[in-house]
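So you can see what is in the structure, the chains are spelled out below.
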Amino acid sequence: MAGPGAAFRRLGALSGAGALGLASYGAHGAQFPDAYGKELFDKANKHHFLHSLALLGVPHCRKPLWAGLLLASGTTLFCTSFYYQALSGDPSIQTLAPVGGSLLLLAQTAKVTATVHGKCLVKMEKALNLCVEDKNRKCVLM
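Residues numbered from 1 in each chain as written. Predicted model: local features only at pLDDT ≥ 70, side-chain atom pairs only at ≥ 80, totals over all residues. Heavy atoms only, no water.

Engineer: Just checking my understanding: could you explain the nonpolar core for this structure?
Structural biologist: Side chains of a nonpolar character, in soluble globular proteins, are inclined to be buried together. Grouped together as the largest cluster of nonpolar side chains are 20 residues, with contacts concentrated most on F41, L55, V58, L71, F78, F82 and Y83. Counting residues per element, this core draws most heavily on helix α3 (residues 64-88), which supplies seven residues. When sequence neighbours within four positions are dropped, the list of residues in contact with L55 reads F8, R9, L11, G12, G68, L71 and A72. (Core = buried A, V, L, I, M, F, W, Y, C linked by side-chain atoms within 4.5 Å. Buried < 20%, exposed > 50% of the residue type's maximum accessible area, 1.4 Å probe, protein only. Helix = DSSP H or I, 4+ residues; strand = E, 2+ residues; numbered from the N terminus. Contact = heavy atoms within 4.5 Å.)

Set out below in structure tokens:
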């Protein structure tokens, strides 16, 4: 699947690998300043994983460049600000989170309103509606 969206599929795979590495670091090696830092890190990591999956579906959009740029930049701004605050305790770059969240909302809106080829919308929806196990091993719909 060549084209402008193929690079975002690769970026989604790399982002997913990065999310997995950060999840391992958060579970085994990170020193959080407080319990809120751990909670914030886990939330950022969950969003990182889910938006990495969304990047995998970008090549199937009618406008993959727009959807991919919005998703990639939104994920970067949103998750990075939370990762930083969770690990350092410093909320100074927390103002980037609403900007990143707004970009993510725009990206999701662009994907929903854009015409998507064939069965790809169904595949993307299934990927985004994954069940994630919480700490009590219950299946929670995201």
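Engineer: Please clarify how the side chain of S52 should be interpreted in this entry.
Structural biologist: The residue S52 is located in helix α2 (residues 35-56) in this model. The contacts of S52, once residues within four sequence positions are left out, are G12, S15 and G16.

Engineer: Which parts of the structure should I look at to understand the packing of aromatic side chains?
Structural biologist: One pair of aromatic rings is described through two measures. These are the centre distance and the angle between the planes. Applying the stated criterion across every chain, the model contains three aromatic pairs. Arranged with centres 5.1 Å apart and planes meeting at 55°, the rings of F41 and Y83 form a pair that is tilted. Taken together, the residues span a long stretch of sequence, with F41 in helix α2 and Y83 in helix α3 at a distance of 42 residues. Like F41, the residue Y83 is buried in the burial classification. Seen from their ring centres, F78 and F82 are 4.9 Å apart, and the 90° between their planes marks the pair as edge-to-face. Taken as a pair, F78 and F82 lie in helix α3 at a separation of four residues, close to a single helical turn. Summarising the burial analysis for this pair, F78 and F82 share the class buried. Grouping aromatic residues by their ring pairs yields a cluster made of F32, F41 and Y83. (Phe/Tyr/Trp six-rings, centres within 6.5 Å; stacked < 30°, edge-to-face > 60°.)

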